[in-house]
Amino acid sequence: FEVIPGRTYRFRFINSGVFSMLGVAIDSHVLTVVEVDGVDVEPFEVQRISLNTASRISVLVTANQGSGTFWIQTVAQTSCFPTVPEVFDPIALSILKYSNSPLVEPATRGESPPDDCVDANWWSYKPVNPFPMNEPAFSFPLLIEFVDGDDQVNRAFVNGFHFHFQHMLQGNLLERVINNEDWRSEVSDVSYVEIPDSLFGKVVQVIVTNRDEGEHPLHLHGHQFAIFGSGAGEYDPINSVILRDLDSRPPVRDTVTLDPLSWMVIRFIADNPGVWLFHCHIDWHMTAGLAMVVVEHPDALRRMVIPEDNSRLCEQHREDQM
């Protein structure tokens with residue numbers, strides 16, 4: 001990556017992986033965070049950033065070192081791994097090159113981001129446009145567990161339901177809702193929640209409890225959400241602390257790391273009719289069933305018309321699955 005001395009650049013880092021949290025640093029340069037998951041935040045300076053799978057972070061970098069080449073270090077957080085393959089190299093390197101310097105390997109390498117399996121401090125992310133502090137009009141719990149079956153296969157369950165992706169792919173839930181078909185039978189054996197049209201524009205609260213010993217980068221389709229609280233152990237409606245101060249600016253994201261054996265309270269505004277997946281972005285966790293569906297404003301959906309090209313695409317996808 002070539003830069004001109006004295007100029008400031010925006011770097012947008014994306015963790016497009018399927019398993020590992022990443023730590024990123026640029027030797028001898030400060031990173032000024034300005035955006036997280038599409039949400040503009042008040043700028044703040046860090047030496048390194050952490051990105052779990054599906055996370056995106058924009059930073060400003062000023063080319064203030066005069067000349068030279070510098071390592072951009074990306075470190076996979078192997079301390080998150082159950083086991084680490086012997087042949088796995090957790091460090092990936094690229095070069096930040098000043099335009100007045102030849103392209104050569106940097107003479108030295110700075111301290112690598114620590115391998116600590118710790119996501120960034122969300123509370124540093126103060127959104128430019130604050131999330132409303134209204135009390136939720138609707139709230140629902142999500143309990144995450146992993147259980148070994150009689151076949152010794154480790155499967156994920158959300159509120160006691162294992163998400164069957166292959167089963168869901170045989171139909172099109174959005175299409176069923178729009179066509180006013182019996183869509184509820186389609187989700188009778190998976191975890192789902194229906195948000196009625198009467199709650200359009202209202203704040204919805206999700207209380208997530210993780211009884212698993214692993215961390216989970218949770219991603220909600222169709223919305224950005226605010227994080228109102230988190231902590232170790234089980235959520236306690238009396239003693240667990242969540243934000244209530246009207247002057248607070250809770251962090252707003254669409255992907256967040258749920259720590260092992262912990263709870264989290266998030267809120268979003270129900271203003272986007274659709275059928276939205278809420279799932280872990282670690283690939284095998286999602287395949288293992290760590291997902292649920294939010295059916296938002298089904299009456300509004302029934303007034304929509306699916307474009308013909310989209311319907312043909314869905315039909316082709318179903319044929320490919322057979």
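So, a few notes on the structure that sits alongside this text.

What counts and what doesn't
- Residues numbered from 1 in each chain as written.
- Predicted model: local features only at pLDDT ≥ 70, side-chain atom pairs only at ≥ 80, totals over all residues.
- Heavy atoms only, no water.
- 1 Å grid on protein atoms, 1.4 Å probe; cavity = no way out; pocket = protein on both sides within 12 Å on 5 of 7 lines; lining within 4 Å.
- Points joined across faces, edges and corners; volume = space filled by probe spheres on them.
- Nonpolar A, V, L, I, M, F, W, Y, C, P; charged D, E, K, R; others polar.
- Helix = DSSP H or I, 4+ residues; strand = E, 2+ residues; numbered from the N terminus.
- Buried < 20%, exposed > 50% of the residue type's maximum accessible area, 1.4 Å probe, protein only.
- Core = buried A, V, L, I, M, F, W, Y, C linked by side-chain atoms within 4.5 Å.
- Contact = heavy atoms within 4.5 Å.
- Pairing = 2+ DSSP bridges.
- Axes fitted to C-alpha atoms, helices over the stretch in contact; angles between N-to-C directions.

Attention shifts here to the layout of surface pockets. In this structure, the second largest pocket occupies an estimated 230 Å³ of space. In terms of lining, the second largest pocket is formed by 14 residues, of which the most central are Cys80, Pro82, Gly214, Trp284 and His285. A breakdown of the residues in the lining of the second largest pocket according to their chemical character gives eight nonpolar, three polar and three charged.

Of note, Gln152 is situated in the loop between β10 (138–148) and β11 (154–158). For Gln152 and Cys280, which are 128 residues apart along the polypeptide, the C-alpha to C-alpha distance reads 21 Å.

This part takes up unusual backbone geometry. The phi dihedral of Asn180 is positive, around 60°, even though this residue is not glycine. Within the fold, Asn180 resides in the loop between α2 (173–178) and β12 (192–195). Since its relative accessible area comes to 53%, Asn180 is described here as exposed. We note that Leu261 has phi near 50°; this positive angle belongs to a residue other than glycine.

Before going further, it helps to examine the nonpolar core. Generally speaking, a soluble globular protein has its nonpolar side chains buried in company with each other. In terms of nonpolar packing, the biggest core is built from 31 residues, with Leu142, Val206, Val208, Leu218, Phe278, Leu290 and Met292 touching the most fellow members. Counting residues per element, this core draws most heavily on β10, at four residues. In this structure Phe278 touches Leu142, Val206, Val208, Leu218, His219, Leu220, Ile266, Ala291 and Met292, once residues within four positions along its chain are discounted. Grouped together as the second largest cluster of nonpolar side chains are 23 residues, Phe11, Val33, Leu51 and Ile57 included.

Below, the discussion takes up the sheet that holds strand β2 (residues 8–14). A sheet is described by the order of its strands in space; here four strands give the open sequence β2-β7-β4-β5, paired in antiparallel fashion. Edge strands, defined here as strands with exactly one partner in the open sheet, are β2 and β5 (39–46). Across the sheet, the mean angle from the axis of one strand to that of its neighbour is 25°, orientation sign disregarded. Inspection of the sheet shows strand β4 (residues 31–36) paired to strand β7 (residues 56–62) by four bridges, in the antiparallel sense. Bridging across to β7, Val36 finds its partner in Ile57.

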